[in-house]
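# A structural walkthrough
Here's the letter readout for the chains.
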Amino acid sequence: MNKVITTILALAATTAINAASVTLTVKDTRYQTVTGFGAACCDGAMCPFGNDTNPVKLLYGPTSKIGLNIMRMEISPNFIGDVIVPEWNNWDSPYDWKGSLPSAKIVKQRGGIVFGTPWSPPGEYKTNGSAQGGNADNQGKVKAELREDCYDKFFPWLNTFLAYMKKNGVNVDAVSIQNEPDWWVSYSGCLYTPEQQLKLVKENAHMLDRETYPGVRLISAEPLGFDPKYSNKLLNDSIARQQIDIIAGHIYGHPPLGNLKSASILANKHGKEIWMTEHSTTDNIGARLPSWHEQLIFAEELNECMLAGCTGYIYWYMRAHWAFVGTGEPIEIDGKKVSIPGNTKNKLLPRAYVLSHFAKHVTGSTRLATTPTKLTGEGAAMEYSAYIKGDSLIVMAIDTTKTAYDLKLTLPMKVSSGVHLLSTGNETENLCQEQPIVIDEPTDNLVLNMPARSLNTYIFMIDQGSAAIKDQHQTVDAGPAVYYDLHGRRLDTPHGLCIERHADGSSRKVYLND
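Structure report, in brief. Keep in mind the model is a prediction, meaning the values are calculated, not measured.

Conventions we followed
- Residues numbered from 1 in each chain as written.
- Predicted model: local features only at pLDDT ≥ 70, side-chain atom pairs only at ≥ 80, totals over all residues.
- Heavy atoms only, no water.
- Helix = DSSP H or I, 4+ residues; strand = E, 2+ residues; numbered from the N terminus.
- Buried < 20%, exposed > 50% of the residue type's maximum accessible area, 1.4 Å probe, protein only.
- Contact = heavy atoms within 4.5 Å.
- Areas by Shrake-Rupley, 256 points an atom, 1.4 Å probe, with all protein chains shown as cover.
- Salt bridge = Lys/Arg side-chain N within 4 Å of Asp/Glu carboxyl O.
- Arc of directions from axis to C-beta.
- Core = buried A, V, L, I, M, F, W, Y, C linked by side-chain atoms within 4.5 Å.
- Pairing = 2+ DSSP bridges.
- Right-handed = clockwise from strand over helix to strand, strands pointing away.

We now examine the overall build of the protein chain. Within the protein chain one finds 10 helices and 23 strands. Expressed as a percentage of the 514 residues in the protein chain, the buried residues total 56%. Summarising the internal contacts of the protein chain: among those between residues at least 6 apart in sequence, 73% fall at separations of at least 24. As displayed, the protein chain offers around 21,100 Å² of accessible surface, 49% of which is attributable to carbon and sulfur atoms.

Shown next, in the form of structure tokens:
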């Protein structure tokens, strides 16, 4: 056994240190390449942030602490070009396209992706004459659908959204057909059957102006529980399939390894991306932040979406006490306003740091096959996934149990060094601890510490050949070192896992302490 040292919790080991152990084999079988992670640009009653760009500044970009790169915004129905639809003026919130513009600009400046989703097309296009969904007593319980005689107006309406955003400095990357077409709601909404969506796309999606807005992609409707009937109808039709670029949906009531995984089968066959575009696991928890156990359940959801074939994961609200950035607002319980400890406005919350394990390291990677030892009892609560990204091999491991384990890894290639990113609790000092993994000589078999109730990211440097490394270490007078992060950006104050480059062109990965 090769000597492996980790300094997590002041422990160093050359052999197993825990009574319990699990084995994980990673294979060089490659699945989806991950586009990224994000959230919706809204809080409160789906209200966009307006001029408050603090949430996106905290969350987005490779130099941020969290590393998000996908932003979802509403294509609200009250705007058609520069004209406000009168019947929508009774809403109190600034439901309009300009409300998301400042945030969208920041995301684009930081290299991110911006996409828009309609909750409803303009009311004048619909069977109930309103942007509202129709499932309310004051609406007469009329199901709201896009009128067939207005199918040819839908994509030109999306073009006006693209035009407005471009005119104001944002080139939108993608537009969706509909938020939750299978849920009859009282708020803004529109119903489609799988057959109606197919007809709309097959006969009219060619009107999406891809020449004026090159690169814009079309996302399928986003069903509530990722019902694969919606995407399969589109992908089984050769004409509709050519128009759709991304298959999307939500996972309310349906865990990722169910409907999402089923939908991904046909999507992968036809080379389509598959995005989970909305979900929240703890939005009704009352006046408290999510517990650490709930944070680990969220981590498992992220992991399971990756295992299901997802290429993009987009959470629900960006700013909420159960999300990523604090609101500073109390909530109402039994008619009383109750403050939420730790819910400081525009402060990163623990859930953001949980997401950073995936957003900062899995984005841009390709998932690898993993085969864990069959687990029973308490150990069955553990989850894993693995990825390759450039010269890095990444293993994610989530332990929701009360027992610390030794993780015995068999890798598909030898590695020469690494870093362990560890989260063990909601307190700041327990989030994203970073420690080196020192390996005496290149190996493909490791034993690593996996603490109880922990989220772990192990990032290894793939060995490119012992001889090459030995020669590199023997370089004499290679010149002063310059340091870069793993994205290739130069660092003025290098820390953690970095790329060290010399004037003679030699380079290596190193771990630097403060």
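Now that the structure has been shown, the text picks up again.
Next up on the list: unusual backbone geometry. Even without glycine at this site, Cys 432 takes up a positive phi of about 55°. Position of Cys 432 among the secondary structure elements: in the loop between strand E18 (405-423) and strand E19 (433-450). We classify Cys 432 as partly exposed; its relative accessible area is 28%. Positive phi, close to 45°, is recorded for Arg 453, a residue that is not glycine. Here Arg 453 shows up in the loop between E19 and strand E20 (454-462).

Time to look at helix H4 (residues 194-204). Where H4 is concerned, the buried positions are Pro 194, Gln 196, Gln 197, Leu 198, Leu 200, Val 201 and Asn 204. Lining the buried residues of H4 we find helix H3 (151-167), helix H5 (228-235) and helix H6 (238-243).

On inspection of all chains with the given rule, the structure shows 15 salt bridges. For Arg 319, the salt bridge goes to Asp 52, with nearest N and O atoms at 2.8 Å. In this pair, Arg 319 is assigned in the loop between strand E12 (312-317) and strand E13 (331-333) and Asp 52 in the loop between strand E3 (36-40) and helix H1 (54-59), connecting sequence segments 267 residues apart. One exposure class covers both Arg 319 and Asp 52, and it is buried. Residue Glu 222 pairs with Arg 72 through a salt bridge whose shortest N-O separation is 2.8 Å. Of this pair, Glu 222 sits in the loop between strand E9 (217-219) and H5 while Arg 72 sits in strand E4 (residues 70-74); the two residues are 150 residues apart in sequence, bridging distant segments of the chain. The pair formed by Glu 222 and Arg 72 is uniform in burial state, with each residue classed as buried. What you see here is one network of salt bridges that share partners, running through Asp 43, Asp 52 and Arg 319.

Turning next to H5. Of all the positions in H5, only Pro 228, Tyr 230, Ser 231, Leu 234 and Leu 235 are classed as buried. Along the axis of H5, the buried positions cluster into a sector of 155°, meaning they face one direction only. On its buried face, H5 sits against H4, H6, strand E10 (246-250) and helix H7 (259-269).

Attention now moves to the nonpolar core. Counting residues in hydrophobic clusters, the biggest one holds 100 residues, and the most contacted among them are Phe 37, Leu 59, Met 71 and Met 306. When residues of this core are assigned to their parent elements, the largest contribution, 9 residues, is made by H3. Sequence-distant contacts of Leu 59, defined by excluding residues within four places in its chain, comprise Ser 64, Ile 66, Gly 67, Leu 68, Met 318, Phe 324, Val 325, Leu 348 and Ala 352. In terms of nonpolar packing, the next biggest core, distinct from the first, is built from 25 residues, Tyr 384, Ala 386, Ala 397 and Tyr 458 among them.

On to the pairing of E12. Taken across its 6 residues, E12 has 6 buried, putting it largely inside the fold. In the sheet, E3 pairs with E12 via 4 bridges, with the strands oriented parallel. Following the sheet pairing, Phe 37 is matched in E12 by Tyr 313. Handedness of the crossover joining strand E11 (residues 273-278) and E12 through helix H8 (residues 292-307): right-handed.

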